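Take a look at the letters that make up each chain.
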Amino acid sequence: MGKSESFALGTELDISADLIRRFDNLGPRYTSYPTADRFYNEFGQATYVQYLQDRQSNQTKPPLSLYIHIPFCASICYYCACNKVITKDHGRSKKYLTYLEKELTLIRQHLPERETLSQLHLGGGSPTFLSDDELCQLMSMLRHHFDFSLDAEISIEIDPRTVNRETLHILRELGFNRISLGVQDFDADVQKAIHRIQSFSLIQSTVSDSREVGFQSINFDLIYGLPKQTMASFSQTLDSVITLAPERIALYNYAHLPTRFKPQRRIAEEDLPSAETRLQIFLMSLTRLLAAGYVYIGLDHFAKPTDSLAKACADKTLHRNFQGYTTRSECDLIALGVSAIGKIGHAYTQNLRNLDEYYAALDAHQLPVEKGMEMNRDDVLRQEVIMNVMCGNPIDFARFEAEHAVTFHDYFAEELRTIKQGSFDYIGEGLIEPIENSLQVTAKGRFFVRALGMVFDAYLPKKTSALYSRLI
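All of these numbers come straight from a predicted model, not from anything done at the bench. (Residues numbered from 1 in each chain as written. Predicted model: local features only at pLDDT ≥ 70, side-chain atom pairs only at ≥ 80, totals over all residues. Heavy atoms only, no water.)

Brief notes about the overall build of the protein chain
- Along its length, the protein chain carries 16 helices and 22 strands.
- Computed over C-alpha atoms, the radius of gyration of the protein chain comes to 22 Å, within 12% of the 23 Å expected from 2.2 N^0.38 for 472 residues, which places it in the range of a compact globule.
- For the C-alpha atoms alone, the extent of the protein chain along its principal axes is close to 55 × 55 × 40 Å.
- A buried classification covers 58% of the 472 residues belonging to the protein chain.
- Within the protein chain, contacts between residues separated by at least 24 positions form 72% of all contacts whose residues are at least 6 apart in sequence.
- A total of about 19,600 Å² of accessible surface is found on the protein chain, and carbon and sulfur atoms cover 49% of it.
- Side-chain charges in the protein chain split into 50 positive and 59 negative, and the spacing between the mean points of these groups amounts to 3 Å. (Helix = DSSP H or I, 4+ residues; strand = E, 2+ residues; numbered from the N terminus. Rg over C-alpha atoms; globule rule 2.2 N^0.38 Å. Buried < 20%, exposed > 50% of the residue type's maximum accessible area, 1.4 Å probe, protein only. Contact = heavy atoms within 4.5 Å. Areas by Shrake-Rupley, 256 points an atom, 1.4 Å probe, with all protein chains shown as cover. Lys, Arg positive; Asp, Glu negative; His and termini not counted. Charge placed at Lys NZ, Arg CZ, Asp CG, Glu CD.)

Some remarks on the packing of helix α8 (residues 231-244) against helix α9 (residues 275-291)
- Relative to each other, α8 and α9 sit at 25°, their axes nearing to 10 Å. Our classification of the angle between α8 and α9 gives roughly parallel. Once α8 is placed against α9, the crossing between them reads as right-handed. Residues Met231, Phe234, Ser235, Leu238, Asp239 and Ile242 of α8 form the contact with α9, whose participating residues are Gln280, Ile281, Met284, Ser285, Arg288 and Leu289.
- Class assignment of the residues belonging to the contact of α8 with α9 gives a composition of 7 nonpolar, 3 polar and 2 charged. (Axes fitted to C-alpha atoms, helices over the stretch in contact; angles between N-to-C directions. Parallel < 35°, antiparallel > 145°, perpendicular 65-115°, else oblique. Left-handed = near helix turned anticlockwise from the far one by under 90°. Nonpolar A, V, L, I, M, F, W, Y, C, P; charged D, E, K, R; others polar.)

Looking at unusual backbone geometry
- Residues tyrosine 33 and proline 34 are joined by a peptide bond in cis, for which omega reads -10°.
- Relative to the helices and strands, proline 34 resides in the loop between β3 (26-27) and α2 (45-57).
- A cis geometry characterises the amide bond from glycine 124 onward to glycine 125, with omega recorded as 20°.
- Topologically, glycine 125 is positioned in the loop between β7 (115-124) and α4 (132-145).
- A positive phi angle, near 55°, is found at alanine 245, a position not held by glycine.
- Structurally, alanine 245 is set in the loop between α8 and β11 (248-253).

Brief notes about the packing of aromatic side chains
- All told, the structure shown has 21 aromatic pairs when counted by the stated rule.
- A ring pair is formed by tyrosine 411 and phenylalanine 412, whose centres lie 4.9 Å apart and whose planes are at 70°; its orientation type is edge-to-face.
- Taking NZ or CZ as reference, arginine 108 lies 6.0 Å from the ring centre of phenylalanine 146, over its face.
- Sitting over the ring of phenylalanine 215, arginine 172 keeps its end group 5.5 Å from the ring centre. (Phe/Tyr/Trp six-rings, centres within 6.5 Å; stacked < 30°, edge-to-face > 60°. Lys NZ or Arg CZ within 6 Å of the ring centre and 35° of its normal.)

Here's the deal with the pattern of salt bridges
- Per the stated rule, a full pass over the model turns up 26 salt bridges.
- The residue aspartate 159 makes a salt bridge to arginine 161 at a minimum N-O spacing of 2.9 Å.
- Aspartate 159 sits in the buried class, given a relative accessible area of 7%.
- The network of salt bridges with common partners includes Arg55, Lys61, Glu113, Glu115 and Asp332. (Salt bridge = Lys/Arg side-chain N within 4 Å of Asp/Glu carboxyl O.)

Topic: the pairing of β11
- In terms of burial, β11 is a largely internal element, 5 of the 6 residues being buried.
- As defined by bridge partners, strand β10 (residues 217-224) adjoins β11 across 6 bridges and the pair is classed as parallel. Each residue of the ladder has a partner; that of leucine 222, found in β11, is leucine 251.
- Following the backbone out of β10, through α8 and into the adjacent parallel β11, one traces a crossover that is right-handed.
- Sheet topology note: the β11/strand β13 (residues 301-303) ladder contains 3 bridges and is antiparallel. In the strand pairing of β13, isoleucine 249 is matched with phenylalanine 302. (Pairing = 2+ DSSP bridges. Right-handed = clockwise from strand over helix to strand, strands pointing away.)

Side note on α8
- Counted at 1.5 Å a residue, the expected span for α8 with its 14 residues is 20 Å, and the 20 Å between its end C-alpha atoms agrees.
- Among all positions of α8, only Ser233, Phe234, Ser235, Thr237, Leu238, Ser240, Val241 and Leu244 are buried.
- Residues of α8 that are buried make contact with β9 (178-184), α7 (200-212), β10, β11 and α9.
- At the exit of α8 stands alanine 245, carrying a positive phi of roughly 55°. (Expected span 1.5 Å × (residues − 1).)

This is the structure we're talking about:
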């Protein structure tokens, strides 16, 4: 694909590589607004407790979701930017489960009424670092404290190197119905360069076993821009992915930030593909996945047309949270474990990132809150706009104004001026519909929603320690 060539997104959509290059900038991924880099340390346990208690007394409280961070990994992946603990000592996970129980018990003191979970997600790290018995122990603990709705989405991130058919069968029996596999790349040279060796036959066996035991939704995480990657090598990876046919695919852009993430210092920068090659790999991936029948959801996510994520995208009920795109409506999110981020009402909270500090707080019978943020009225308004933009959902001005008692054109006058008269013509390029009574991202515009979301972000002009990833 040449520099001025374009690719078709869907049957009638055409996006040029030149247009994409105009968005070659840095910005947030907007799994929340305000973004986590805006949280402050003055937000502590007392504030968090107040929001938990406010939820308990709320007669119209939203559904409840739960995220649990399992930080342990048996080996290090050089590309990884997650909060993790590298260890082969599986005794450490036993201790960690004890402290998860302590944290949950403290939270339940402020949620005395038994509640029902609509979502559960186990992330990491590697949740499957836990033994089969420990996974059973964890789910028993959760079911002691909560009920699960009949249609609850119960998902787990899986390291294919750490599971077998028996573990997958146990996960299904425990109620898990969605799994996500860290595939990244099938090329042997790339795997060696990132220190994550896992053969195609291993992934194929994991997928086959997962479907045999009853998993109907499997996600693959892929990464482009990794060392040793080429157009040819990643095309072969896509051949393998399409053959295995996961229901969902997340295709992430590798962010090389060795000054911030020490493991990345083991990656030789001369082995990284050029910016132009990265772009061409992504464009090729889009073309290949769309041709294979996947629906483009937005950002870097794809799904089969029969998957609930694709259906939510089509009927404009898509949502977004810290786990990415979801079919579930706005939920309160309780987060357990080291560094985990949650949201209750109009407040975000993040746990301590250091494991020893996390343990020490709980030993002192304190919730391990490191920082958080109480949203003001402006945050709430902008959150609704940005999250709908990120999901490609329409924003009806009349409904928005009735709900929030503002005039959309007046409140966001500067933002609308930027969209219409700024350095980039969103309407002229066909990324959003002409603005009259609503703000509507087009199918083409879903590719550029991060840039559009940034237009409404009031915090971007203010300094932050965050190192954002590239928009494309």
